[in-house]
Amino acid sequence: MLMSSPWKHPKHGNYYIRISIPERLRAAFGGKREYKYPLVNPVTGNKIREPAQAKKVWADYYSAWEQAKAQAEANLTGTSYELTDKQIAALRADWMARELAKWDMLPDELDLDLR
């Protein structure tokens, strides 16, 4: 099986994770056919445009996809699935980076206690 790789948007050049969602799991992803999110620099919060940088963060994004897919499959089969503290922290950091990128903000510009 071929693993996906970072996808570069043809118009603006930002890199994304872009994976086809199996038909049996689409309901768990809101009916979407594709799992697609911009790759974001975890330090600056900026969307990534450089191939070398995209490759560096790719594993984290692919891991988040695998976790989301495992959760959807567990829900489909009725089995339980629990995240570890490390997985929760990684997902929280990923979410925060995406949210900051939407507002073009850097993490140090916020006055938040995320503990």
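Residues numbered from 1 in each chain as written. Predicted model: local features only at pLDDT ≥ 70, side-chain atom pairs only at ≥ 80, totals over all residues. Heavy atoms only, no water.

Turning our eyes to something else, we now look at the overall build of the protein. Tallying secondary structure elements over the protein gives two helices and three strands in all. For the protein, the sequential pattern of α-helices and β-strands runs β-β-β-α-α. The burial tally for the protein puts 30% of its 115 residues in the buried class. Long-range contacts, defined as pairs at least 24 residues apart, comprise 45% of the intrachain contacts of the protein with a sequence gap of at least 6. Carbon and sulfur atoms form 53% of the exposed surface of the protein, whose accessible area is close to 8200 Å². (Helix = DSSP H or I, 4+ residues; strand = E, 2+ residues; numbered from the N terminus. Buried < 20%, exposed > 50% of the residue type's maximum accessible area, 1.4 Å probe, protein only. Contact = heavy atoms within 4.5 Å. Areas by Shrake-Rupley, 256 points an atom, 1.4 Å probe, with all protein chains shown as cover.)

Under the criterion given, the structure shown has three salt bridges. Salt-bridge contacts for Arg 24 lead to Glu 73; the nearest nitrogen and oxygen are separated by 2.6 Å. Highlighted residues: Arg 24 in the loop between strand 2 (15-20) and strand 3 (34-38) and Glu 73 in helix 1 (residues 51-77), separated in sequence by 49 residues. Of the charged contacts in the structure, one is a salt bridge between Glu 66 and Lys 69, with a shortest N-O distance of 3.9 Å. Of this pair, Glu 66 and Lys 69 both sit in helix 1, three residues apart, which is roughly one turn of the helix. (Salt bridge = Lys/Arg side-chain N within 4 Å of Asp/Glu carboxyl O.)

Our next topic: the nonpolar core. One finds Ile 17, Phe 29, Tyr 35, Leu 39 and Trp 65 to be the most contacted residues of the largest nonpolar core, which totals 20 residues. Where this core is concerned, the elements lending two or more residues are strand 2, helix 1 and helix 2 (85-102). Counting residues per element, this core draws most heavily on helix 1, at eight residues. In this view, Ile 17 contacts Tyr 35, Lys 36, Tyr 37, Leu 39, Trp 58, Tyr 61, Tyr 62 and Trp 65; residues no more than four positions away in its chain are not counted. (Core = buried A, V, L, I, M, F, W, Y, C linked by side-chain atoms within 4.5 Å.)

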